[in-house]
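Observations on the model geometry
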Amino acid sequence: MLSEKMQKAINGQINAELYSSYLYVAMAMYFEASDMSGAAKWMNAQAQEELVHADKFMHYMNERDGRVKLDAIEKPPLEWKSVLDAFKAALEHERKVTSMINGLVTLAREENDHMTDNFLQWYVAEQVEEEASAGEVVRKLKLIGDSGGGRYMIDNELGQRIFNPAGGSGE
Ligand SMILES: [Fe+2]
Ligand SMILES: [Fe+2]
């Protein structure tokens with residue numbers, strides 16, 4: 001069975017994954033309002049993936065006879081200065097999540113909880129993709145700057161993304 005400390009940490013991570021989803025829905029709604037429906041589609045897919053991340057943790061907790069305790073989800077920001085600014089915030093957020101996952105791995109190792117350590121490795125690999133995919137969009141948006149044509153092209157490209165029910169970015 002999972003230690004109390006580990007359960008508390010995983011419950012904190014479940015809340016962070018649900019918040020990630022909420023944050024990305026807020027970004028998608030901001031993009032919709034900014035006439036960037038492709039970017040909105042990309043962020044909606046991202047939001048759905050975050051729900052899968054939360055669900056995987058909940059399933060694991062139940063499998064190990066832990067108890068999932070849902071907490072309040074913080075209100076996300078509703079506005080950003082620009083589409084670029086929002087994607088920069090998404091990248092920053094993913095970096096924060098990576099450090100939380102790293103913290104969970106450290107705790108699992110301190111507790112000699114090899115099962116949890118092994119389970120968490122999926123998230124360690126997933127965070128590489130998460131940071132890379134948000135970072136790639138940030139770089140492209142920086143490249144196009146204020147170009148309307150570039151903006152149109154990148155919105156088109158982002159709109160090609162489809163939700164992957166496995167919960168991974170699958171790049
Ligand atoms: Fe996540
Ligand atoms: Fe994420």
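Residues numbered from 1 in each chain as written. Chains lettered and ligands numbered in written order. Predicted model: local features only at pLDDT ≥ 70, side-chain atom pairs only at ≥ 80, totals over all residues. Heavy atoms only, no water.

Side note on helix 2 (residues 37-63)
Over its 27 residues, helix 2 runs 39 Å from end to end, which matches the ideal 39 Å to within 8%, given 1.5 Å per residue. One or two positions beyond helix 2, positive phi appears at Asp 65, with a value near 60°. (Helix = DSSP H or I, 4+ residues; strand = E, 2+ residues; numbered from the N terminus. Expected span 1.5 Å × (residues − 1).)

Describing the coordination of the iron ion (ligand 2)
Around the iron ion (ligand 2), the protein contributes the donor atoms Glu 50 (OE), Glu 94 (OE), Glu 94 (OE) and Glu 130 (OE), at 1.9 to 2.6 Å from the metal centre. One can describe the site at the iron ion (ligand 2) as irregular: its 4 donor atoms subtend angles covering 53 to 149° at the metal. In the primary structure, the donors to the iron ion (ligand 2) are separated according to the pattern E-x43-E-x35-E. Between the iron ion (ligand 2) and the iron ion (ligand 1) the interatomic distance comes to 3.3 Å, and Glu 50 is a ligand of both metals. On the criterion of sequence distance, the pair formed by Glu 94 in helix 3 (residues 83-110) and Glu 130 in helix 4 (residues 114-144) is long-range, its members being 36 residues apart. You'll find Glu 94 and Glu 130 in the same group, each marked buried. (Donors = N, O, S within 2.8 Å, 3.2 Å for Na, K, Ca; no water. Tetrahedral: all angles 85-135°; square planar, octahedral: opposite > 155°, others 65-115°. Buried < 20%, exposed > 50% of the residue type's maximum accessible area, 1.4 Å probe, protein only.)

Some remarks on the nonpolar core
With 26 residues, the main nonpolar core has Tyr 24, Met 27, Phe 31, Met 43, Trp 80, Phe 87 and Leu 158 as its most contacted residues. Going through the elements one at a time, helix 1 (4-33), helix 2, helix 3, helix 4 and helix 5 (148-158) are the ones with two or more residues in this core. Counting residues per element, this core draws most heavily on helix 1, at 8 residues. In contact with Phe 31, not counting residues within four places along its chain, are Met 36, Ala 39, Ala 40, Met 43, Val 83, Ala 86 and Phe 87. The next biggest cluster of nonpolar side chains, apart from the first, holds 19 residues, and it includes Ile 14, Tyr 60, Val 68 and Ala 108. (Core = buried A, V, L, I, M, F, W, Y, C linked by side-chain atoms within 4.5 Å. Contact = heavy atoms within 4.5 Å.)

Concerning the layout of surface pockets
Quantified by volume, the second largest pocket comes out at close to 150 Å³. Forming the boundary of the second largest pocket are Met 36, Ser 82, Val 83, Leu 84, Leu 141, Ile 144, Gly 145, Asp 146, Ser 147 and Arg 151. Going through the elements one at a time, helix 3 and helix 4 are the ones with two or more residues in the lining of the second largest pocket. In terms of residue class, the lining of the second largest pocket is made up of 5 nonpolar, 3 polar and 2 charged. (1 Å grid on protein atoms, 1.4 Å probe; cavity = no way out; pocket = protein on both sides within 12 Å on 5 of 7 lines; lining within 4 Å. Points joined across faces, edges and corners; volume = space filled by probe spheres on them. Nonpolar A, V, L, I, M, F, W, Y, C, P; charged D, E, K, R; others polar.)

What to know about the packing of aromatic side chains
Each aromatic ring pair is specified by the distance between its two centres and by the angle formed by the two planes. Considering all chains together, one arrives at 9 aromatic pairs under this definition. Note on Phe 31 and Phe 87: the rings are 5.3 Å apart at their centroids and 10° apart in plane angle, and the pair reads as stacked. Here Phe 31 is found in helix 1, whereas its partner Phe 87 is found in helix 3, with 56 residues between them in sequence. Given a relative accessible area of 0%, Phe 87 falls into the buried group. Note on Tyr 60 and Phe 119: the rings are 4.0 Å apart at their centroids and 5° apart in plane angle, and the pair reads as stacked. One end of the pair, Tyr 60, is in helix 2; the other, Phe 119, is in helix 4, with 59 residues separating them in the sequence. Since its relative accessible area comes to 6%, Tyr 60 is described here as buried. Here a set of aromatic residues connected by ring pairs shows up, and it is made of Tyr 30, Phe 31, Trp 42, Trp 80 and Phe 87. (Phe/Tyr/Trp six-rings, centres within 6.5 Å; stacked < 30°, edge-to-face > 60°.)

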